Amino acid sequence: MILLETEICQLLKIDYPLIQAGMAGGTTTVELVVGVSNAGGLGTLGAAYMAPNAMRQTIKEIQSKTDKSFGVNIFAAPVKDDFSRLAEVQKVLNPFFSELAIGNLQSTYSSPNWSEEQFAICIEEGVPIISTAFGCLSAEQMAVAKARRVKIIVMVTTVEEAKQAESCGADIVVAQGSEAGGHRGTFSLATHPSGAQVGTLSLVPQVADAVGIPVIAAGGIVDGRGLIASLVLGAQGVQIGTRFVSAKESGAHPAHKKAIVESDEESTVITKSFSGRPARAIKNRFIREFEQSGIEPLPFPSQNTFTKDIRSAAAKSNNPEFMSLWAGQSTRGLHKEMATVDIVRAIIEEAETILNESGL
């Protein structure tokens, strides 16, 4: 018999096996994280791009507004810049800078490198759960986390990555199918230049069979049907991103939310145009024109740093054609903005109804 109270509920001290994805870039506001946690799921702060002081203050604010479990998502390792092809890429982007009236272009760029400080802040502030993207924590960091009884969740996109995460000491892995919006946790782009292209339906049961730690399903999951299907496939719960991007408490730009509720399963593409790392986004002019140029973007995070002014100017002018509209493939049913608590309640109620009617 399938039960909604699974192993991860006890492990993470949550009521329902539902995790809100730790989406970086301002989407995961204090209100969103607290709202999910207070509703019985696991709220997650996407802190990968946050300056240390801002991150610390945000964690303190979350702790002041909930006594429930929550997590913080960070990059697993320090980032490395490569601006060696900046002039080549700049020629493609110059018309966008001009159209958006972005002046005073820098001659040199540098991406923030805060991963070690961010991990230290999580430990110092007593964060109960840390999730990582793009790999595993170092052995030293893992030892510190284990000594503090911090639970570690690692995003994976293949069975081999899941095995590696387990061997590194992860408590949970999130199996992210290719349907997922935004960046996924593929460890090596040398091995998978476009990110591992394994769908959720295929990935989850194979990961569940391969590792001895709990597995969370992610990628294209937006409702109670997805939750029940994931449990049947061998997962212990789900991680949901796109549906929470469209929540009232989300920090996503209104134009981003509007694009999501107006999109469908054919609206997105996987692109490196914005960040240099493959990510699923709603197609727009920036993606089309950059890719039509035939110029390879800078590697991550350098491309992300270089395009930041374009994205910021687009947000200020309410122009979605130049925004990174991260979204997964299951958006057709997301017709309106909802409060976080109502989203969690709707997912759980639908899952419970399916269980009651099916006898699973």
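Residues numbered from 1 in each chain as written. Predicted model: local features only at pLDDT ≥ 70, side-chain atom pairs only at ≥ 80, totals over all residues. Heavy atoms only, no water.

### A look at the overall build of the protein chain
Along its length, the protein chain carries 15 helices and 11 strands. Taken against the 2.2 N^0.38 rule, which gives 21 Å for 360 residues, the C-alpha radius of gyration of the protein chain at 19 Å falls within 12% of a compact globule. Projected onto the principal axes, the alpha-carbon positions of the protein chain cover approximately 60 × 45 × 40 Å. Across the 360 residues that make up the protein chain, the buried fraction comes to 56%. Across the protein chain, every contact between residues at least 6 apart in sequence was considered, and the portion connecting residues at least 24 apart equals 69%. Summed over all atoms, the accessible surface of the protein chain reaches about 15,200 Å², with 48% contributed by carbon and sulfur. Mean positive and mean negative side-chain charge positions of the protein chain (31 and 38 charges, respectively) differ by 3 Å. (Helix = DSSP H or I, 4+ residues; strand = E, 2+ residues; numbered from the N terminus. Rg over C-alpha atoms; globule rule 2.2 N^0.38 Å. Buried < 20%, exposed > 50% of the residue type's maximum accessible area, 1.4 Å probe, protein only. Contact = heavy atoms within 4.5 Å. Areas by Shrake-Rupley, 256 points an atom, 1.4 Å probe, with all protein chains shown as cover. Lys, Arg positive; Asp, Glu negative; His and termini not counted. Charge placed at Lys NZ, Arg CZ, Asp CG, Glu CD.)

### Re the side chain of Gln-20
You can see Gln-20 is positioned in strand S1 (residues 18-20). Among the polar contacts listed, one links the side chain of Gln-20 to the backbone oxygen of Thr-44, at a separation of 2.7 Å. Not counting residues within four places of it along the chain, the set of residues in contact with Gln-20 comprises Thr-28, Leu-32, Val-33, Val-36, Leu-42, Gly-43, Thr-44, Gln-239, Ile-240 and Phe-244. (Polar contact = N/O pair within 3.5 Å; in protein donor to acceptor, adjacent residues only side chain to side chain.)

### A few points about the pattern of salt bridges
The full count for this structure, using the stated rule, is 18 salt bridges. Note that Arg-285 is salt-bridged to Glu-289, the shortest N-O span being 2.8 Å. Of this pair, Arg-285 and Glu-289 both sit in helix H12 (residues 285-292), four residues apart, which is roughly one turn of that helix. Judged by relative accessible area, Glu-289 falls into the partly exposed class, the value being 32%. (Salt bridge = Lys/Arg side-chain N within 4 Å of Asp/Glu carboxyl O.)

### A word on the sheet that holds S1
Taken in spatial order, the eight strands make up an open sheet running S1-S9-S8-S6-S5-S4-S3-S2, and their pairing is parallel. The open sheet terminates on both sides in strands that have one partner only, identified here as S1 and strand S2 (43-46). Sheet twist, expressed as the average angle between the axes of neighbouring strands with direction ignored, equals 25°. In terms of strand pairing, S2 meets strand S3 (residues 70-75) through four bridges, oriented parallel. Residue pairing across strands places Thr-44 opposite Gly-71, the latter belonging to S3. Here helix H9 (residues 224-232) sits on the sheet in contact with strand S8 (215-218) and strand S9 (237-240), set at roughly 135° to S9. (Pairing = 2+ DSSP bridges. Axes fitted to C-alpha atoms, helices over the stretch in contact; angles between N-to-C directions.)

### Observations concerning the packing of aromatic side chains
Pairs of aromatic rings are described using the distance from one ring centre to the other and the angle between the two planes. Applying the stated criterion across every chain, the model contains 12 aromatic pairs. Between the aromatic rings of Phe-96 and Phe-322, the centroid separation amounts to 5.3 Å while the plane-to-plane angle is 65°, which identifies the pairing as edge-to-face. Placement of the pair is Phe-96 in helix H4 (residues 86-99) and Phe-322 in the loop between helix H14 (308-316) and helix H15 (340-358), with a sequence separation of 226 residues. Their ring planes at 75° and their centres at 5.0 Å tell us that Tyr-109 and Phe-306 sit as a pair that is edge-to-face. Note that Tyr-109 is positioned in the loop between H4 and helix H5 (115-124) and Phe-306 in helix H13 (residues 302-306), a separation of 197 residues in sequence. Side by side, Tyr-109 and Phe-306 carry an identical accessibility label, which is buried. Within the aromatic cluster, the residues linked to one another by ring pairs are Phe-96, Phe-274, Phe-286, Phe-290, Phe-322 and Trp-326. For the cation-ring pair, Arg-277 lies above Phe-134, with the distance from its terminal atom to the ring centre recorded as 3.7 Å. (Phe/Tyr/Trp six-rings, centres within 6.5 Å; stacked < 30°, edge-to-face > 60°. Lys NZ or Arg CZ within 6 Å of the ring centre and 35° of its normal.)

### So, the packing of helix H3 (residues 52-65) against H5
Packing of H3 against H5 leaves a shortest axis separation of 10 Å and a crossing angle of 25°. With respect to H5, the axis of H3 lies roughly parallel. In this structure, H3 crosses over H5, and the sense of that crossing is right-handed. For the pair formed by H3 and H5, the contact residues are Pro-52, Met-55, Arg-56 and Ile-59 on the first element and Glu-117, Gln-118, Ile-121, Cys-122 and Glu-124 on the second. (Parallel < 35°, antiparallel > 145°, perpendicular 65-115°, else oblique. Left-handed = near helix turned anticlockwise from the far one by under 90°.)

### Some remarks on unusual backbone geometry
With an omega of 5°, the peptide bond running from Phe-300 to Pro-301 counts as cis. Tracing the sequence through the fold places Pro-301 in the loop between H12 and H13. Although it is not a glycine, Arg-149 adopts a positive phi angle of roughly 60°. Relative accessible area serves as the criterion here: at 75%, Arg-149 is assigned to the exposed category. Of note, Asn-318 is a non-glycine position whose phi angle comes to about 60°, a positive value. Tracing the backbone shows Asn-318 in the loop between H14 and H15.

### Brief notes about the pairing of S2
Along any regular strand, the residues point their side chains to alternate faces of the sheet. Side chains of S2 alternate between two faces, with Gly-43 and Leu-45 and Thr-44 and Gly-46 buried alike. Remark: the S2/H3/S3 crossover connection has right-handed handedness. (Right-handed = clockwise from strand over helix to strand, strands pointing away.)

### Concerning the sheet that holds strand S11 (residues 279-282)
If you walk across this open sheet you meet the three strands as S7-S11-S10, and the pairing is antiparallel. Each of the sheet's edge strands pairs with one partner strand only, and the pair in question is strand S7 (182-183) and strand S10 (268-271). Most of the contacts of H12 go to S10, to which it runs at about 45°, and overall it touches S10 and S11.

### Observations regarding the packing of H5 against helix H6 (residues 139-147)
Between H5 and H6, the least distance of the axes is 11 Å, while the angle of their chain directions is 10°. With respect to each other, H5 and H6 are oriented roughly parallel. Of the residues in H6, those in contact with Glu-116, Phe-119 and Ile-123 of H5 are Gln-141, Val-144 and Ala-145. Classifying every residue of the contact of H5 with H6 by side-chain character gives four nonpolar, one polar and one charged. (Nonpolar A, V, L, I, M, F, W, Y, C, P; charged D, E, K, R; others polar.)

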